Amino acid sequence: MTTTAAPTEAPKTPLDEPAITPDQIGEITASDASLRGFLAGLPGVDQVGAQARAAALSTRSIKTTAKAWALDLAVTMIDLTTLEGQDTPGKVRALCAKARRPDPADPECPPVAAICVYSDLVPVAKEALAGSGVKVASVATAFPSGRSSLEVKIRETTDAVAAGADEIDMVIDRGAFLSGRYAEVFEEIVAVKRACGSAHLKVILETGELATYDNVRRASWLAMLAGGDFIKTSTGKVSPAATLPVTLVMLEAVRDFRAATGRQVGVKPAGGIRTSKDAIRYLVLVNETAGEDWLDPDWFRLGASSLLNDLLMQRTKMRTGTYAGPDYFTLD
């Protein structure tokens, strides 16, 4: 995606020669002991520093053309999501129509990045989005708990991909991770990634249950070493969900991982992001932490449902000078 403006610029960080080669990754992940040793050796997170930096960056403001650019960029990064037991084909079709053309009154409003649904509704979304470029994502692996056998998780993943899912959002087994069974979590991610085939894999860490920033950093590296294409904060079913300090830690992890290995991995905060101000704070955080290379829906997503309407209201305000009001747009 080509952009013409950004809130600020940040230097790129990849190394000419990766510090960790594929062979070395194989050595790191060859045994539970070596994987545990590597993760334990990651630098600790300064909790006070991370919170202070996230708070400082959240005060940044952008105006006029930069703000208009940021609003449109945020729209293109949204994974428009419905993950309720009462979801119906009709609801998914309506959401897909909104994903394709978020503001019917403004043909210049870009589409969102993806629709995220349960696997049984993937065929409905795939048909409704045909030819639009909007991706279809499906949650899998016993979402949101992650508590089922690997066989069941693999079957759920392969079924979703066979139904047409372009992206799979899996959840890690937090019980295994918090028990220190890192190799078990690693092997599960590797197996699910293999089952994805050509579909992209987002690995949900459920950071609200990981307790510490150090655990967030370790889980981020574990997911990336296992081949995850994205690391994602939350299912949206556990509080707290996405927060700026947690996302900061994850952005540092993907930045450092690319510098070490040469491979770029995306980040997706999800849950609790409701306003345009929230979205812009995350974009500033991305730019100042990982760099402008991540200011692209291929590398950064916002998992949200109510956020889109607020972005549309702000776009209308900038275009017309007046707020359209929440009732002007369809409810998600």
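In this text the structure is predicted, and so the values were computed from the model without any measurement. (Residues numbered from 1 in each chain as written. Predicted model: local features only at pLDDT ≥ 70, side-chain atom pairs only at ≥ 80, totals over all residues. Heavy atoms only, no water.)

**Observations regarding the overall build of the chain**
Move 1: Secondary structure assignment for the chain yields 13 helices and 8 strands.
Move 2: Computed over the C-alpha atoms, the radius of gyration of the chain is 19 Å, within 12% of the 20 Å expected from 2.2 N^0.38 for a compact globule of 332 residues.
Move 3: C-alpha extents for the chain along the principal axes are approximately 60 × 40 × 35 Å.
Move 4: Taking all 332 residues of the chain together, the buried fraction comes to 53%.
Move 5: Summarising the internal contacts of the chain: among those between residues at least 6 apart in sequence, 76% fall at separations of at least 24.
Move 6: Accessible area of the chain: about 14000 Å², with a carbon and sulfur share of 51%.
Move 7: Looking at charge distribution, the chain has the averaged site of its 36 positive side-chain charges lying 4 Å from that of its 41 negative ones. (Helix = DSSP H or I, 4+ residues; strand = E, 2+ residues; numbered from the N terminus. Rg over C-alpha atoms; globule rule 2.2 N^0.38 Å. Buried < 20%, exposed > 50% of the residue type's maximum accessible area, 1.4 Å probe, protein only. Contact = heavy atoms within 4.5 Å. Areas by Shrake-Rupley, 256 points an atom, 1.4 Å probe, with all protein chains shown as cover. Lys, Arg positive; Asp, Glu negative; His and termini not counted. Charge placed at Lys NZ, Arg CZ, Asp CG, Glu CD.)

**Some words on helix α3 (residues 47–57)**
Move 1: Turning to α3, its buried residues are Ala 50, Ala 54 and Leu 57. Each buried residue of α3 sits inside an arc of 70 degrees when the element is viewed along its axis, so together they form one side.
Move 2: Along its buried surface, α3 packs onto α11 (244–261) and α12 (276–289).
Move 3: At the N-terminal boundary of α3, the capping side chain belongs to Asp 46, with an oxygen 3.2 Å from the backbone nitrogen of Val 48. (Arc of directions from axis to C-beta. Polar contact = N/O pair within 3.5 Å; in protein donor to acceptor, adjacent residues only side chain to side chain.)

**Topic: the pattern of salt bridges**
Move 1: Inspection of the entire model under this criterion finds 25 salt bridges.
Move 2: Between Asp 72 and Arg 315 there is a salt bridge; the shortest N-O distance is 2.5 Å. Within this pair, whereas Asp 72 is found in helix α4 (residues 64–76), its partner Arg 315 is found in helix α13 (residues 307–320), the two being separated by 243 residues in sequence.
Move 3: Among the residues examined, Asp 72 registers a relative accessible area of 24% and is labelled partly exposed.
Move 4: Given the relative accessible area of 11%, Arg 315 is considered buried. (Salt bridge = Lys/Arg side-chain N within 4 Å of Asp/Glu carboxyl O.)

**Quick word on the sheet that holds strand β2 (residues 114–117)**
Move 1: Reading across the sheet, the 8 strands line up as β7-β6-β5-β4-β3-β2-β1-β8 and stay open at both edges, with parallel pairing between neighbours. Two strands bound the open sheet, and with one partner strand each, they are β7 (266–268) and β8 (302–304). Across the sheet, the axes of successive neighbouring strands diverge by a mean angle of 25 degrees, strand direction being ignored.
Move 2: Both strand β4 (residues 167–171) and strand β5 (residues 200–204) contribute to a ladder of 5 bridges, which runs parallel. Note on β5: the bridge partner recorded for Val 171 is Ile 204.
Move 3: Contacts from α11 reach β6 (230–232) and β7, with the element oriented near 170 degrees to β7. (Pairing = 2+ DSSP bridges. Axes fitted to C-alpha atoms, helices over the stretch in contact; angles between N-to-C directions.)

**A few points about the pairing of β4**
Move 1: Burial within β4 is extensive, with 5 of its 5 residues counted as buried.
Move 2: Side-chain alternation along β4 places Glu 167, Asp 169 and Val 171 on one buried face and Ile 168 and Met 170 on a second face that is also buried.
Move 3: For the crossover from strand β3 (residues 135–139) across helix α7 (residues 150–162) to β4, the handedness is right-handed. (Right-handed = clockwise from strand over helix to strand, strands pointing away.)

**What about the confidence of the model for the chain?**
Move 1: When pLDDT is averaged across the chain, the result is 92; 92% of the residues are at 70 or more.
Move 2: Counted against residues more than four places away or in other chains, residues 1–15, with its pLDDT under 50, gives 27 contacts. (pLDDT = per-residue confidence, 0-100.)

**Let's talk about empty space enclosed by the protein**
Move 1: Per the stated rule, a full pass over the model turns up 1 cavity of 30 Å³ or more.
Move 2: Taken as a whole, the largest cavity encloses approximately 30 Å³ of empty space.
Move 3: Along the walls of the largest cavity sit Leu 39, Leu 42, Pro 43, Gly 44, Asp 214, Arg 217 and Arg 218, which together make up its complete lining.
Move 4: Of all the elements, helix α10 (residues 213–225) adds the most residues to the lining of the largest cavity, at 3 residues.
Move 5: Along the lines of polarity and charge, the residues of the lining of the largest cavity split into 3 nonpolar, 1 polar and 3 charged. (1 Å grid on protein atoms, 1.4 Å probe; cavity = no way out; pocket = protein on both sides within 12 Å on 5 of 7 lines; lining within 4 Å. Points joined across faces, edges and corners; volume = space filled by probe spheres on them. Nonpolar A, V, L, I, M, F, W, Y, C, P; charged D, E, K, R; others polar.)

**Some thoughts on the layout of surface pockets**
One water molecule sets the probe size; rolling that probe over the atoms shows where empty space is left.
Move 1: Taken as a whole, the largest pocket holds about 450 Å³ of empty space.
Move 2: As for the largest pocket, its lining consists of 21 residues, and the residues nearest its centre are Thr 81, Gly 236, Gly 271, Ala 304 and Ser 305.
Move 3: Residues belonging to the lining of the largest pocket are distributed by class as follows: 4 nonpolar, 10 polar and 7 charged.
Move 4: By volume, the second largest pocket is sized at about 250 Å³.
Move 5: Forming the walls of the second largest pocket are Ser 58, Thr 59, Arg 60, Ser 61, Ile 62, Lys 63, Lys 67, Ser 276, Lys 277, Ile 280, Arg 281 and Gln 314.
Move 6: For the lining of the second largest pocket, the element with the highest residue contribution is α12, accounting for 4 residues.
Move 7: Tallied by class, the residues present in the lining of the second largest pocket amount to 2 nonpolar, 5 polar and 5 charged.

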